[in-house]
Amino acid sequence: MLTGKVAVVTGAGRGIGRAIALKLSKLGASVVINYRSSIKEAQELIDEIKSNGGNAEAVQGDVSSLEDAEKVIKFAVEKFGRLDILVNNAGITKDTLLLRMKEEDFDKVLEVNLKGVFNCTKHASAIMLKQKSGRIINISSVIGLIGNAGQANYAAAKAGIIGFTKSIAKELGGRGITVNAIAPGFISTDMTEVLSDKVKEKLLENVPLRKLGSPEDVANLAGFLASDNASYITGQVINVDGGMVM
Ligand SMILES: NC(=O)c1ccc[n+]([C@@H]2O[C@H](COP(=O)([O-])OP(=O)(O)OC[C@H]3O[C@@H](n4cnc5c(N)ncnc54)[C@H](OP(=O)(O)O)[C@@H]3O)[C@@H](O)[C@H]2O)c1
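As a starting point, this report considers the structure included with it. Values in this document were obtained by computation on a predicted structure and should not be read as measured data.

## A short note on the pairing of strand E3 (residues 56-60)
So, point 1. Summarising the sheet, strand E2 (residues 30-35) and E3 pair through 5 bridges and their orientation is parallel. Bridged to Val-31 within E3 is Ala-56.
So, point 2. For the crossover from E2 across helix H2 (residues 39-51) to E3, the handedness is right-handed.

Given below as structure tokens:
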């Protein structure tokens with residue numbers, strides 16, 4: 001389905017990004033794996049993709065830096081000659097209640113989770129505009145839709161991604177570029193591993209399917225949105241959350 005296409009996945013060394021990179025590769029895309037610090041994991045992922053017969057390269061870069069974002073996008077074009085798919089996946093949490101939240105914790109989460117999406121999209125869209133085609137997939141969160149006590153910074157960033165997604169979908173639609181957001185619920189990764197069993201149990205009471213999702217659940221939707229089958233879908237926010245938000 002994605003043979004001949006080139007994808008960049010940010011924060012792809014671990015978790016959801018890793019699963020998305022694997023999925024896009026299995027569908028035939030050449031994949032650029034961006035990592036910030038997980039160099040070993042990124043190299044292992046490349047080895048796995050190559051052993052499955054796919055193409056992959058890794059590039060270090062902090063998405064909150066506009067220069068690093070440019071480096072990552074340029075790397076993809078230098079290595080593979082084009083850029084068809086950008087998945088803005090990199091994200092962090094710095095959870096605490098508002099009164100305890102330090103200014104730097106608010107700024108850092110916004111810089112990585114929201115400005116990082118701007119930085120990578122800005123550089124990638126310039127290439128996609130010339131190609132008159134492209135797919136941009138932004139990983140938001142159900143927390144950006146419903147909020148969560150202790151996550152004001154994260155919720156603001158993820159809600160910001162939704163407004164950004166819709167605006168850019170309107171700007172780029174006329175040039176054959178679709179822009180959509182995925183809003184995962186609770187997915188089993190390092191990010192949710194830190195939650196206690198008690199907190200997890202409480203959270204699952206609000207999930208009709210009564211289980212955490214897997215990174216592959218999110219990757220399956222990303223694979224679909226990247227494909228030609230999704231060519232008439234843009235500006236949408238699609239939840240992968242076991243029914244948590246409806
Ligand atoms: N897990 C969930 O339940 C859930 C739910 C909703 C939304 N999400 C969203 O899904 C995305 C992936 O989350 P995850 O659960 O897979 O988290 P994770 O396991 O903690 O992985 C986060 C990834 O983001 C990368 N990253 C962090 N800061 C970065 C930066 N400045 N520049 C480049 N990469 C950076 C990390 O790279 P390094 O390891 O190299 O630092 C890592 O690969 C995030 O946007 C998250 O907000 C997750």
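## With respect to empty space enclosed by the protein
So, point 1. Under the defined criterion, the tally for this structure stands at 1 cavity of 30 Å³ or more.
So, point 2. In this structure, the largest cavity occupies an estimated 30 Å³ of space.
So, point 3. Together, Thr-10, Val-63, Asn-88, Asn-89, Ala-90, Val-112, Gly-116 and Val-117 line the largest cavity.
So, point 4. Considered class by class, the residues forming the lining of the largest cavity number 4 nonpolar, 4 polar and no charged.

## Here we look at the site of the ligand
So, point 1. Looking at the ligand, there are 31 residues lining it, with Ser-37, Ser-38, Asn-89, Tyr-154 and Thr-189 nearest.
So, point 2. In this structure, a nitrogen atom belonging to the ligand sits 3.0 Å away from a main-chain N or O atom of Val-63.
So, point 3. Protein contacts shield 97% of the accessible area of the ligand, which totals 900 Å² for the unbound molecule.
So, point 4. Spatially, the ligand is embedded in the largest pocket.
So, point 5. Contributions of two or more residues to the shell around the ligand are made by helix H1 (15-26), E2, helix H6 (152-172) and helix H7 (190-193).
So, point 6. Counting residues per element, the shell around the ligand draws most heavily on H7, at 3 residues.
So, point 7. A class-by-class count of the residues in the shell around the ligand yields 12 nonpolar, 14 polar and 5 charged.

## Quick word on the pattern of salt bridges
So, point 1. Taken as a whole and judged by the stated rule, the model has 6 salt bridges.
So, point 2. Measuring nitrogen to oxygen at the nearest pair gives 2.6 Å for the salt bridge that ties Arg-82 to Asp-84.
So, point 3. Taking relative accessible area as the criterion, Arg-82 reaches 31% and is therefore assigned partly exposed.
So, point 4. A residue is classified by how much of its surface remains accessible, and Asp-84, at 4% relative accessible area, is buried.
So, point 5. We note a salt bridge from Glu-205 to Lys-202, for which the minimum N-O separation is 3.4 Å.

## What to know about the side chain of Lys-200
So, point 1. As for its placement among the helices and strands, Lys-200 is situated in helix H8 (residues 197-204).
So, point 2. Glu-193 is the oppositely charged side chain nearest to the buried, salt-bridge-free Lys-200, at an N-O distance of 4.3 Å.
So, point 3. When sequence neighbours within four positions are dropped, the list of residues in contact with Lys-200 reads Thr-192, Glu-193 and Leu-195.

Criteria and thresholds
- Residues numbered from 1 in each chain as written.
- Predicted model: local features only at pLDDT ≥ 70, side-chain atom pairs only at ≥ 80, totals over all residues.
- Heavy atoms only, no water.
- Pairing = 2+ DSSP bridges.
- Helix = DSSP H or I, 4+ residues; strand = E, 2+ residues; numbered from the N terminus.
- Right-handed = clockwise from strand over helix to strand, strands pointing away.
- 1 Å grid on protein atoms, 1.4 Å probe; cavity = no way out; pocket = protein on both sides within 12 Å on 5 of 7 lines; lining within 4 Å.
- Points joined across faces, edges and corners; volume = space filled by probe spheres on them.
- Nonpolar A, V, L, I, M, F, W, Y, C, P; charged D, E, K, R; others polar.
- Near = heavy atom within 4 Å.
- Polar contact = N/O pair within 3.5 Å; in protein donor to acceptor, adjacent residues only side chain to side chain.
- Areas by Shrake-Rupley, 256 points an atom, 1.4 Å probe, with all protein chains shown as cover.
- Sits in = over half its atoms within 2 Å of the grid points.
- Salt bridge = Lys/Arg side-chain N within 4 Å of Asp/Glu carboxyl O.
- Buried < 20%, exposed > 50% of the residue type's maximum accessible area, 1.4 Å probe, protein only.
- Lys, Arg positive; Asp, Glu negative; His and termini not counted.
- Contact = heavy atoms within 4.5 Å.

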